[in-house]
Amino acid sequence: MRVLASMIAAVLTSGATVALAHQAPSGWDYPFYCCLDSDCSPIEAEAVREVTGGFVVTIAPGKHPMWSSERKKPLTLEIPQDKAKQSPDGRWHLCIDDSGELLCFFAPGNDS
């Protein structure tokens, strides 16, 4: 525990900013049930296609922290509209586990 406290103190005194494990790059906190360390990440709008009743999200290898470049194929998720949460920063965000299972999905605006 002392080692961890020392590491945190060293980072804080060096002037570096520390992002919380459940924090989006724009500063809002991902809900705890969605994110454990790197499960959540903003995704590009090009990865999202709106379809009747929801969204189809395609993540190429290396385009999400949980879908690394070592993966051979893209991850494709069909997400029902009722599973989408409002994005606080107006960007698309996807939370998945290491097997590609959906944890949370954030869409910008009600009609995006």
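Everything in this summary refers to the structure shown in the same document. (Residues numbered from 1 in each chain as written. Predicted model: local features only at pLDDT ≥ 70, side-chain atom pairs only at ≥ 80, totals over all residues. Heavy atoms only, no water.)

Re the state of the cysteines
Applying the stated rule across the entire model yields two disulfides. The side chain of cysteine 34 participates in a disulfide bridge whose partner is cysteine 104; the two sulfur atoms lie 1.8 Å from each other. Measuring the twist about the S-S bond at about -75°, one finds the cysteine 34-cysteine 104 disulfide to be left-handed. Linking cysteine 34 in the loop between α1 (2-13) and β1 (40-43) with cysteine 104 in strand β7 (residues 102-107), this pair joins segments that are 70 residues apart in sequence. (Disulfide = S-S within 2.5 Å. Helix = DSSP H or I, 4+ residues; strand = E, 2+ residues; numbered from the N terminus.)

A short note on the environment of valine 56
Relative to the helices and strands, valine 56 resides in strand β3 (residues 54-59). Valine 56 gets classed as buried once you look at its relative accessible area, which sits at 11%. In this structure, the C-alpha to C-alpha distance between valine 56 and threonine 76, residues 20 residues apart in sequence, is 6.9 Å. When near neighbours in sequence (up to four residues on either side) are disregarded, valine 56 contacts Ala47, Val48, Arg49, Val51, Thr76, Leu77 and Glu78. (Buried < 20%, exposed > 50% of the residue type's maximum accessible area, 1.4 Å probe, protein only. Contact = heavy atoms within 4.5 Å.)

Digging into the nonpolar core
Of all hydrophobic cores here, the largest spans 16 residues; its most connected members are Ile43, Val57, Ile59, Leu94 and Phe105. Going through the elements one at a time, β3, β4 (75-80), β6 (92-96) and β7 are the ones with two or more residues in this core. Apart from residues no more than four positions distant in its own chain, isoleucine 59 is found in contact with Ile43, Ala47, His64, Trp67, Pro74, Leu75 and Leu94. If you look at the next biggest cluster of nonpolar residues, it comprises nine residues, including Trp28, Cys34, Cys104 and Phe106. (Core = buried A, V, L, I, M, F, W, Y, C linked by side-chain atoms within 4.5 Å.)

Side note on the sheet that holds strand β5 (residues 84-86)
As a general point, the strands of a sheet are linked pairwise by backbone hydrogen bonds and lie either parallel or antiparallel. Here we have four strands laid out as an open sheet, ordered β1-β6-β7-β5, and mixed in their pairing. The outermost strands of the open sheet, each flanked by one partner alone, are β1 and β5. Neighbouring strand axes in the sheet, compared pairwise and without regard to direction, differ in orientation by 30° on average. Both β1 and β6 contribute to a ladder of four bridges, which runs antiparallel. Looking at the pairing, cysteine 40 lines up with cysteine 95 of β6. (Pairing = 2+ DSSP bridges. Axes fitted to C-alpha atoms, helices over the stretch in contact; angles between N-to-C directions.)

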